[in-house]
Amino acid sequence: MTSRYVRFLAAPALAAVLAAVAGGATAAGSVAPLKVVTTTEDLASLAREVGGDRVTVVGLAKGYQDPHQVDPKPSFILEVSRADLLIAVGRELEIGWLPALVTSSRNAKVQAGGTGFLDASRNVKILEIPTGQITRAMGDVHPEGNPHYWLDPGNGRQIAKAIRDKLIALAPNDRAVFEQRYAQFDTRLAAAEKKWDAALAPYKGAKLVTYHRSWPNFMERWGLNVIGYVEPKPGIPAPPSHIIQLIDEMQRQGVKLIVVEPYFSLKTPQSIASRIGGTVLVLAPSVGGVKEAGDYIQLFDYNVAQLTAALKQATGR
Amino acid sequence: MDTVLLEFLAAPIAAALVVAGIHAYLGLHVVERGVIFVDLSLAQIASLGATIAVLVPALGGDPHSPGVYWMSLAFTLVGALIFAMVKGQEAKIPQEAIIGISYAVASAAVIVAMSKAPGESEHLRDMLVGNILSVQWPEVWTTAALYALIGAFHFVFRHRFLEISVSPEKAAARGVAVRWWDFLFYASFGFVVTRSVAVAGVLLVFCYLIVPSVGGMLFSSRIGPRLAIGWAMAGVVSVLGMYFSVLFDLPTGATIVCTFGLALVVMALVKVVLPKRTLQA
């Protein structure tokens, strides 16, 4: 009777001691939320979904900026220097500005290969990875594949999963929180995917042209065919022969729709569109690219609605 | 202002002061010669060399490889040779015209070369043009050493360089090989500009070259005081620009450029007010 009573009291006491030891072992880190810095707002949105109030998230490049070209500000160095976790898109997307920023920050945790660095592209589906030797004849290629992979919600789920695992590794005490929040996000995303699939199902196989190669994952996800690009190398005007070929090809295949990223000039796409009686549609490649796209799921809500309306008009379906 | 930031800004500030030191001096020559855009032109020629080097597979296509640096330097020297020759021939064509043409052709050639690049070339431009915010200490030291060397060279031959900049006809009449000294000037200048653009970016380098010497001209017609005023101005603007960049969280290079503009306006206003007082005194 007595020993049972003692055990009854001892169990919670022991648990409390263990919790205190565990809490002490991770020091203040488990009390204060983890400081997460992401290179883009898409990754910031996914990190917020998974991390909830256990993290503070700062996205460096704004959604309306070209993530290839970002002019670093002093606050960027400060953010990266204080980060517990830095999440990058990878695949050379940020090669023009991130490496110098990370070096300047002198934060050992977030250097490539450090415990606080996550390359979000490691377990996602990457398209357009060149095989074999890259030669000039292949045209414009990214040696590590197309970096705009977050535009497939399936990849978004994989990124969220990678973030969940990384957060658990950095703050094991909050494992339950991260697992639960990931599961909730997974459920919401799956429901939204059903909705998007239904909206775009009638246009499977529809053909369109995009400005740059930002959309292969998006288009592949919903079975849309990109038959050409307005400016294969951004900032370098395509030769006239390319534009003429593109117009011929659009006319031959009856393609009327040109999709453009918000940070590229509309001049060339509009002149092509006016030549063939087509339309130019600006879609948001990132969260924050338009004000309607406030988070990762809203990004697709916006793009799917815009694209559905434009395809309806272009194909008459 | 966040004091932690000072630690991160120490290297950029040091780099800015190193760049300011040599450019405020070279700017005197450039303004005196009336070849204001020579650095933009040489920078563009250097970047054409670098672009071509990156496109040559033998050099590995890495924008940070030494081969790229040497190639851009070689192009700069060819540019220096062209600028020196044109002046030497005393043609009726103004030298600014040749500089402008070189700028336009070199810029366009970079675009043409990039259109033939096998990979994504949009990063290339970013990598060739530096950002003062991301400067690291080793870069500051090598740059300072290079500029000290070139500065010493200019100090030793300061009278000769000044003479061919200010009154080349007189020097030629005395039998000085003006064409050769012109080449030495543009070549040493090219060394500096190639390096500075890689550290600080084109716009900022242009400002460090021209604005301090114009600021100096506002207050003095003699070289010594002009240089002193230019150095003081460049130093103050560097620190002030960094401070504004942090205070308002703006891109650093562009903020320093705007601060230069602001400083020049303030100095011009001071000049309007100052003579009356000194005359009364």
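Residues numbered from 1 in each chain as written. Chains lettered and ligands numbered in written order. Predicted model: local features only at pLDDT ≥ 70, side-chain atom pairs only at ≥ 80, totals over all residues.

**Points about the overall build of chain B**
Secondary structure assignment for chain B yields 12 helices and 0 strands. Reading the helices (α) and strands (β) of chain B from amino to carboxyl end gives α-α-α-α-α-α-α-α-α-α-α-α. Sorting the 281 residues of chain B into buried and exposed places 42% on the buried side. Sequence separation of 24 or more characterises 74% of the internal contacts of chain B that already satisfy a separation of 6 or more. (Helix = DSSP H or I, 4+ residues; strand = E, 2+ residues; numbered from the N terminus. Buried ≥ 20, exposed ≤ 12 C-beta atoms within 10 Å, placed from the backbone. Contact = placed C-beta atoms within 7 Å.)

**Remarks on the overall build of chain A**
Scanning chain A for helices and strands turns up 10 helices and 8 strands. Restricting to contacts in chain A with at least 6 residues of sequence separation, those with at least 24 account for 62%.

**Concerning the sheet that holds strand E4 (residues 117-119) of chain A**
Residues and elements named next belong to chain A. In space, the 4 strands of this open sheet follow the order E2-E1-E3-E4, with parallel pairing throughout. Either end of the sheet is taken by a strand with one partner, and the two such strands are strand E2 (55-59) and E4. On average, each strand axis in the sheet is inclined to that of its neighbour by 20°, with strand direction left out of account. Packing against the sheet, helix H2 (residues 41-51) makes contact with strand E1 (34-38), E2 and strand E3 (85-88), and its axis sits at approximately 170° to E2. (Pairing = 2+ DSSP bridges. Axes fitted to C-alpha atoms, helices over the stretch in contact; angles between N-to-C directions.)

**Thoughts on the packing of helix H1 (residues 3-33) of chain B against helix H6 (residues 137-156) of chain B**
Residue and element names in this part refer to chain B. With their axes 10 Å apart at the nearest point, H1 and H6 run at an angle of 15° to one another. Classified by the interaxial angle, the pair formed by H1 and H6 is roughly parallel. Crossing of H1 against H6: the hand is left-handed. Of H6, the residues touching H1 (which contributes Ala-11, Ala-14, Ala-15, Val-18, Gly-21 and Ile-22) are Trp-137, Glu-139, Val-140, Thr-143, Ala-144, Tyr-147, Ile-150 and Gly-151. In terms of residue class, the contact of H1 with H6 is built from 10 nonpolar, 3 polar and 1 charged. (Parallel < 35°, antiparallel > 145°, perpendicular 65-115°, else oblique. Left-handed = near helix turned anticlockwise from the far one by under 90°. Nonpolar A, V, L, I, M, F, W, Y, C, P; charged D, E, K, R; others polar.)

**Let's talk about the packing of helix H5 (residues 153-170) of chain A against helix H6 (residues 175-200) of chain A**
Residue and element names in this part refer to chain A. Where H5 meets H6, the axes come as close as 10 Å, and the angle between the chain directions of the two elements is 175°. By the angle between their directions, the pair H5 and H6 is classed as roughly antiparallel. Here Pro-153, Gly-156, Arg-157, Ala-160, Lys-161, Arg-164, Leu-167 and Ile-168 of H5 come into contact with H6, specifically with Arg-175, Phe-178, Glu-179, Tyr-182, Phe-185, Asp-186, Leu-189 and Glu-193. The residue inventory of the contact of H5 with H6, partitioned by class, reads 8 nonpolar, 1 polar and 7 charged.

**Re helix H11 (residues 223-247) of chain B**
Residues and elements named next belong to chain B. Here H11 contains 25 residues, and its C-alpha end-to-end distance of 35 Å stays within 8% of the 36 Å for a straight helix at 1.5 Å per residue. Regarding H11, the residues found buried are Arg-226, Ile-229, Gly-230, Met-233, Ala-234, Val-237, Ser-238, Gly-241, Met-242, Ser-245 and Val-246. At the C-terminal side of H11, Asp-249 shows a positive phi close to 50°. (Expected span 1.5 Å × (residues − 1).)

**What to know about helix H2 (residues 38-55) of chain B**
Over its 18 residues, H2 of chain B extends 26 Å from the first C-alpha to the last, a length consistent with the 26 Å expected when each residue adds 1.5 Å. With respect to burial, H2 of chain B is a largely interior element, 16 of its 18 residues being buried.

**What to know about the nonpolar core**
Residues and elements named next belong to chain A. Within the largest apolar cluster, 79 residues are counted, with the highest numbers of intra-cluster contacts made by Ala-47, Ile-87 and Ile-163. The leading source of residues in this core is helix H10 (residues 296-315), at 8 residues. If we ignore the near neighbours within four places in the chain, the residues touching Ile-87 are Val-36, Thr-38, Leu-43, Ala-47, Leu-118, Ala-120 and Ile-163. (Core = buried A, V, L, I, M, F, W, Y, C linked by C-beta atoms within 7 Å.)

**Some details on the pairing of E1 of chain A**
Residues and elements named next belong to chain A. Burial analysis of E1 places 4 of its 5 residues in the buried class, the great majority of the element. Relative to E2, E1 runs parallel, the two sharing 5 bridges. Within E2, the residue paired with Lys-35 across the bridge is Thr-56. At this point the chain moves from E1, through H2, to the parallel E2, and the crossover so formed is right-handed. (Right-handed = clockwise from strand over helix to strand, strands pointing away.)

**A closer look at the confidence of the model for chain B**
For chain B, per-residue confidence averages 86 on the pLDDT scale, and 88% of positions sit at 70 or higher. At the level of chain-chain contacts, confidence expressed as ipTM amounts to 0.74, with global pTM at 0.81. (pLDDT = per-residue confidence, 0-100.)

**Some details on the environment of Asp-42 of chain A**
Residues and elements named next belong to chain A. With respect to the helices, strands and loops of the structure, Asp-42 is situated in helix H2. Spatially, the C-alpha atoms of Asp-42 and Val-89 are 9.3 Å apart, while their sequence positions differ by 47 residues. Excluding residues within four positions of it along the chain, Asp-42 makes contact with Trp-150, Ser-286, Val-287 and Tyr-296.

**Quick look at unusual backbone geometry**
A positive phi is found at Glu-92 of chain A, a non-glycine position, where the angle reads about 70°. Here Glu-92 of chain A lies in the loop between E3 and helix H4 (98-105). Glu-92 of chain A sits in the partly exposed class, given 18 other C-beta atoms within 10 Å. Although it is not a glycine, Asp-249 of chain B sits at a positive phi angle of roughly 50°. Counting through the fold element by element, Asp-249 of chain B comes out in the loop between H11 and helix H12 (252-280). Assessed through the 13 C-beta atoms surrounding it within 10 Å, Asp-249 of chain B is described here as partly exposed.

**A word on the environment of Pro-232 of chain A**
All names here are of chain A. In this fold, Pro-232 is placed in the loop between strand E6 (225-229) and helix H8 (240-253). Given 16 C-beta atoms within a 10 Å radius, Pro-232 is considered partly exposed. Along the primary structure Pro-232 and Tyr-211 are separated by 21 residues, whereas in three dimensions their C-alpha atoms are 7.4 Å apart.

**Observations concerning the sheet that holds strand E5 (residues 207-210) of chain A**
Residues and elements named next belong to chain A. Strand order in this open sheet of 4 strands is E6-E5-E7-E8, and the pairing throughout is parallel. The open sheet has two edge strands with one neighbour each: E6 and strand E8 (279-282). Going across the sheet, the axis of each strand differs from the next one's by a mean of 35°, ignoring polarity. Strand direction decides the pairing type here: E5 and E6, joined by 4 bridges, are parallel. The residue of E6 that forms the bridge with Lys-207 is Asn-225.

**Observations regarding the environment of Ala-61 of chain A**
All names here are of chain A. As for its placement among the helices and strands, Ala-61 is situated in the loop between E2 and helix H3 (74-82). Here Ala-61 falls in the buried class, since 28 other C-beta atoms lie within 10 Å of it. Linking Ala-61 and Thr-38, residues 23 residues apart in sequence, is a C-alpha distance of 8.4 Å. Excluding residues within four positions of it along the chain, Ala-61 makes contact with Thr-39, Thr-40, Pro-67 and Val-70.

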